Amino acid sequence: MNVRSAKISDAETIYALVSDYAEQDKMLFRSKADIYENLRSFVVAEADGKVVGCCALHIIWQDLAEIKSLAVYDGFKGTGIGRSLVTEALRQAGELGLKRVFALTLEPAFFQKMGFELIDTDKLPMKVWSDCARCPKQQSCDETAVIKDIS
Ligand SMILES: CC(C)(COP(=O)(O)OP(=O)(O)OC[C@H]1O[C@@H](n2cnc3c(N)ncnc32)[C@H](O)[C@@H]1OP(=O)(O)O)[C@@H](O)C(=O)NCCC(=O)NCCS
């Protein structure tokens, strides 16, 4: 398994992977245009030459970034791919000079295994909530905020 920055040729697979989980209400849907515009924020995991997982590092502000669209294909779950994707996203965050990385997730226990801590959503800046405007759940948000200090 190999984790690397995404290439243009990965966009369709990322779209399919994210759409699959979005349809199950497990993450926010992302349009192809959104994925192409933000392709440079994505890392992907490859197994036998095929993309089997993805993760995006979205910069919010000078000291804060968000992990978004973390997804591993069903048949490859539980084999360390999610960990490798998050580890690479955190490495890139550190290289960029960011201090904290957070995620809004339905899988807080996974992120806790990665060293993230639960945080009260009110402690995150307003800018974080821009995605909420296009989320069908809006007022009935069921995500948990987790954060990791990488400084
Ligand atoms: C959550 C997800 C990314 C985890 O990926 P994965 O490749 O299965 O995870 P890994 O195999 O790297 O697991 C790393 C560790 O986390 C644990 N873990 C994995 N999923 C977990 C979960 N849902 N709850 C608690 N612990 C979990 C593993 O047991 C492993 O622990 P270990 O190091 O003690 O063995 C994957 O299940 C997924 O794509 N889920 C659907 C989409 C989703 O919910 N994404 C998160 C949205 S932010």
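Placed above this text is the structure.
These numbers come from a predicted model, not from an experiment.

1. Topic: the sheet that holds strand β3 (residues 50-61)
The strand order across the open sheet built from 7 strands is β1-β2-β3-β4-β5-β7-β6, with neighbouring strands paired in mixed fashion. Since the sheet does not close on itself, it has two edges, and those belong to β1 (2-5) and β6 (117-118), each with one partner. Note: β6 against strand β7 (residues 144-149), 2 bridges, orientation antiparallel. The residue bridging L118 from the neighbouring strand is V146, located in β7.

2. Brief notes about the environment of A71
By secondary structure assignment, the location of A71 is in strand β4 (residues 64-72). Along the primary structure A71 and K26 are separated by 45 residues, whereas in three dimensions their C-alpha atoms are 9.6 Å apart. With sequence-adjacent residues up to four places away left out, A71 is seen in contact with L17, Y21, M27, V52, G53, C54 and L85.

3. What to know about the site of the ligand
Surrounding the ligand, one finds 19 residues, the nearest of these being G78, G80, G82, R83 and E107. One of the backbone N or O atoms of L70 is found 2.8 Å from a nitrogen atom in the ligand. R83 is positioned such that a nitrogen or oxygen atom in its side chain is 2.5 Å from an oxygen atom of the ligand. Look at the ligand: alone it shows 920 Å² of surface, and the protein chains cover 75% of it. Where the shell around the ligand is concerned, the elements lending two or more residues are β4, α3 (81-96) and α4 (108-113). Among the elements that make up the shell around the ligand, the one with the highest residue count is α4 (4 residues).

Calculation rules
Residues numbered from 1 in each chain as written. Predicted model: local features only at pLDDT ≥ 70, side-chain atom pairs only at ≥ 80, totals over all residues. Heavy atoms only, no water. Pairing = 2+ DSSP bridges. Helix = DSSP H or I, 4+ residues; strand = E, 2+ residues; numbered from the N terminus. Contact = heavy atoms within 4.5 Å. Near = heavy atom within 4 Å. Polar contact = N/O pair within 3.5 Å; in protein donor to acceptor, adjacent residues only side chain to side chain. Areas by Shrake-Rupley, 256 points an atom, 1.4 Å probe, with all protein chains shown as cover.

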